[in-house]
Amino acid sequence: MYDIVVVGSGFSGSIIARKLAEECGKKVLLLEQRSHVGGNMYDERDERGILIHKHGPHLISTNRYWIIEYLERYAELVPHNAKLLSFIDGKYVRLPFNFTTLQQLVSPEKVEGLLAKMREVFAGRDRVSIFELVEHADTDIRDYGDMLFKKAYKTYIAKQWGCSPSEIDRSVLERALMCIGYDERYLNKDFQRLPKYGFTKLFENMLDHPDITVKLNCNAFRHLTLDESSGTVFCDGVKYQQVIFTGAIDELLSEKFGRLPYRSIYFHYEVRRANDGLPCEIVSYPQAEGYTRRTEYRRINYIPIETDDTVIVTEYPVIYDKDAEIGNLPYYPVLNVANTLLYQKYVHEAQKYSNLFLCGRLAEYKYYNMDAVIESTFEKFNLLKTKIDL
Ligand SMILES: Cc1cc2nc3c(=O)[nH]c(=O)nc-3n(C[C@H](O)[C@H](O)[C@H](O)COP(=O)(O)OP(=O)(O)OC[C@H]3O[C@@H](n4cnc5c(N)ncnc54)[C@H](O)[C@@H]3O)c2cc1C
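Residues numbered from 1 in each chain as written. Predicted model: local features only at pLDDT ≥ 70, side-chain atom pairs only at ≥ 80, totals over all residues. Heavy atoms only, no water.

**Looking at the pairing of strand 8 (residues 91-95)**
Consideration 1: Relative to strand 8, strand 7 (residues 84-88) runs antiparallel, the two sharing five bridges. Residue Ser-86 lies in a different strand from strand 8, and its bridge partner there is Val-93.
Consideration 2: The antiparallel hairpin formed by strand 7 and strand 8 contains two residues in its connecting segment, where Asp-89 sits at a positive phi of about 50°. (Pairing = 2+ DSSP bridges. Helix = DSSP H or I, 4+ residues; strand = E, 2+ residues; numbered from the N terminus.)

**Topic: the layout of surface pockets**
Consideration 1: Approximately 260 Å³ is the volume found for the second largest pocket.
Consideration 2: Lining the second largest pocket are 14 residues, and of these Val-347, Gln-351, Leu-356, Phe-357 and Leu-358 sit closest to its centre.
Consideration 3: Taken together, the elements giving at least two residues each to the lining of the second largest pocket come down to helix 10 (337-350), strand 22 (356-358) and helix 11 (370-385).
Consideration 4: Residue classes in the lining of the second largest pocket are distributed as nine nonpolar, two polar and three charged. (1 Å grid on protein atoms, 1.4 Å probe; cavity = no way out; pocket = protein on both sides within 12 Å on 5 of 7 lines; lining within 4 Å. Points joined across faces, edges and corners; volume = space filled by probe spheres on them. Nonpolar A, V, L, I, M, F, W, Y, C, P; charged D, E, K, R; others polar.)

**Observations concerning the pairing of strand 17 (residues 262-273)**
Consideration 1: Here two bridges tie strand 17 to strand 21 (residues 332-333), and the two strands are oriented antiparallel to one another. Residue pairing across strands places Arg-263 opposite Tyr-332, the latter belonging to strand 21.
Consideration 2: In this sheet, strand 20 (residues 309-319) lies alongside strand 17 in antiparallel orientation, the contact comprising 11 bridges. Residue Tyr-266 lies in a different strand from strand 20, and its bridge partner there is Tyr-316.

**Section: the sheet that holds strand 18 (residues 282-284)**
Consideration 1: Taken in spatial order, the seven strands make up an open sheet running 8-7-18-19-20-17-21, and their pairing is mixed. Only two strands of the sheet have a single neighbouring strand rather than two, namely strand 8 and strand 21.
Consideration 2: Two elements, strand 7 and strand 18, share three bridges in a ladder whose sense is parallel. Bridging from a neighbouring strand, Ser-86 pairs with Ser-284 of strand 18.

**Details of the nonpolar core**
One broad rule of soluble globular proteins: the nonpolar side chains tend to lie buried together.
Consideration 1: By size, the foremost hydrophobic cluster in this structure holds 119 residues, and its most contacted members are Phe-11, Leu-20 and Met-118.
Consideration 2: Of the residues forming this core, the biggest block, eight residues, is contributed by helix 6 (residues 139-161).
Consideration 3: Residues in contact with Leu-20, not counting those within four places in the same chain, are Ile-4, Val-6, Gly-25, Lys-26, Val-28, Phe-381, Leu-384 and Ile-388.
Consideration 4: Core analysis: the second largest hydrophobic core is formed by eight residues, Leu-85, Leu-278, Tyr-285 and Ala-288 among them. (Core = buried A, V, L, I, M, F, W, Y, C linked by side-chain atoms within 4.5 Å. Buried < 20%, exposed > 50% of the residue type's maximum accessible area, 1.4 Å probe, protein only. Contact = heavy atoms within 4.5 Å.)

**Topic: empty space enclosed by the protein**
Consideration 1: Scanning the entire structure with this criterion turns up two cavities of 30 Å³ or more.
Consideration 2: Empty space within the largest cavity amounts to approximately 50 Å³.
Consideration 3: When contributions to the lining of the largest cavity are tallied by element, the ones reaching two or more residues are strand 4 (51-53) and strand 11 (191-195).
Consideration 4: Here the lining of the largest cavity is composed, by residue class, of six nonpolar, three polar and two charged.
Consideration 5: For the second largest cavity, the full set of lining residues is Leu-59, Ile-60, Ser-61, His-80, Ala-82, Tyr-186, Leu-187 and Gln-192.
Consideration 6: Class assignment of the residues belonging to the lining of the second largest cavity gives a composition of five nonpolar, three polar and no charged.

**Quick look at the site of the ligand**
Consideration 1: Neighbouring the ligand are 33 residues, the closest being Ser-12, Glu-32, His-58, Tyr-368 and Met-370.
Consideration 2: In this structure, Tyr-368 approaches the ligand through a main-chain N or O atom, which is 2.7 Å from an oxygen atom.
Consideration 3: Within the side chain of Asn-369, a nitrogen or oxygen atom sits 3.3 Å from a nitrogen atom of the ligand.
Consideration 4: In isolation the ligand exposes 1000 Å². Once the protein is present, 95% of that is buried.
Consideration 5: Elements that contribute at least two residues to the shell around the ligand include exactly helix 1 (11-24) and helix 11.
Consideration 6: Residue composition of the shell around the ligand, by class: 16 nonpolar, 14 polar and three charged. (Near = heavy atom within 4 Å. Polar contact = N/O pair within 3.5 Å; in protein donor to acceptor, adjacent residues only side chain to side chain. Areas by Shrake-Rupley, 256 points an atom, 1.4 Å probe, with all protein chains shown as cover.)

Have a look at this one:
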């Protein structure tokens with residue numbers, strides 16, 4: 001009945017499924033273990049009508065306009081430039097740390113000189129990493145970088161990753177950039193959007209194709225068999241042209257080399273009166289005990305909401321353990337040298353199976369944003385086409 005099996009309905013699985021059906025005329029069976037499509041982008045309205053992203057706030061931002069055009073095939077997107085704050089030393093400061101933040105945190109006698117230096121040293125630059133401050137030759141710039149590092153980065157990392165900054169890949173810290181100027185947008189990407197009616201609707205539309213069958217509440221591991229002798233992955237005993245797997249690679253291969261570590265999040269929900277919400281949609285709390293940030297979802301809703309309530313969701317990072325009651329979803333891969341080597345072992349092992357195709361942030365053990373996973377899935381799809389009968 002089907003030509004190809006796809007496991008997972010996040011962006012990687014859903015895009016591949018749609019392209020296979022639409023562009024290659026393939027009949028696709030998509031298996032999703034959760035009760036809904038959309039992977040971590042899944043959102044739903046609560047009883048008040050507030051659309052809540054169940055796996056943390058997701059904001060589309062990209063410099064590639066084709067990604068926006070592609071998503072607009074499946075959803076109405078509304079412009080949304082996220083503006084965030086961070087709560088440091090008892091006051092709200094702009095996030096990303098910009099020149100306003102500098103004025104809030106640096107003593108009055110140093111402000112003017114430091115701003116002039118920053119402008120001169122980083123002339124023509126829009127954003128810079130924290131390392132460019134803490135490793136700078138100029139003492140004033142370095143001191144400012146050190147202060148931010150101590151007050152915000154170090155403490156945030158300790159909670160988010162459960163370790164010190166030196167134990168985590170530098171690329172993770174380089175994601176949170178400093179703004180050289182007064183730009184208040186959290187991200188400096190050109191195109192920032194939110195799907196007006198939510199991500200779930202977008203995914204439902206993407207998967208709405210006569211040649212795609214979606215099976216929810218279906219853990220693929222109950223159906224897949226990896227036969228080492230023939231180098232084949234079977235699904236319920238059938239050999240399909242390809243099995244596209246977007247879940248965790250270590251789980252697929254029975255964790256034979258050990259578990260690939262992830263961080264997970266416990267989300268705490270609190271209902272407040274709407275006038276007692278947050279000062280902006282997302283606030284980060286680097287100095288708070290246990291939690292990292294809070295989101296007020298009605299601020300990122302683009303559909304009318306008739307309630308005087310608001311919902312604040314607080315994120316408590318926890319260790320990922322698929323068997324635990326709390327923290328059983330893999331959110332962020334813990335990128336460091338040891339884990340990258342462990343991942344490579346799994347890749348090597350997976351290459352033994354000729355009809356197995358890995359795609360997405362869990363199968364590739366990568367910290368992909370949505371725009372990056374969309375772009376990479378398009379590239380992967382071109383590779384996939386060389387492996388199937390067209
Ligand atoms: C807290 C958080 C906030 C984020 N915020 C942003 C943001 O603001 N902007 C941004 O661009 N990116 C954000 N991201 C990143 C974004 O979530 C990823 O880019 C995206 O999820 C990648 O899609 P994917 O398809 O690779 O993986 P996923 O979305 O994880 O999809 C994988 C799917 O496979 C399914 N699956 C796994 N194993 C099996 C199995 N055995 N059987 C059946 N199904 C299975 C899972 O249930 C899941 O539905 C955020 C991520 C997190 C964790």
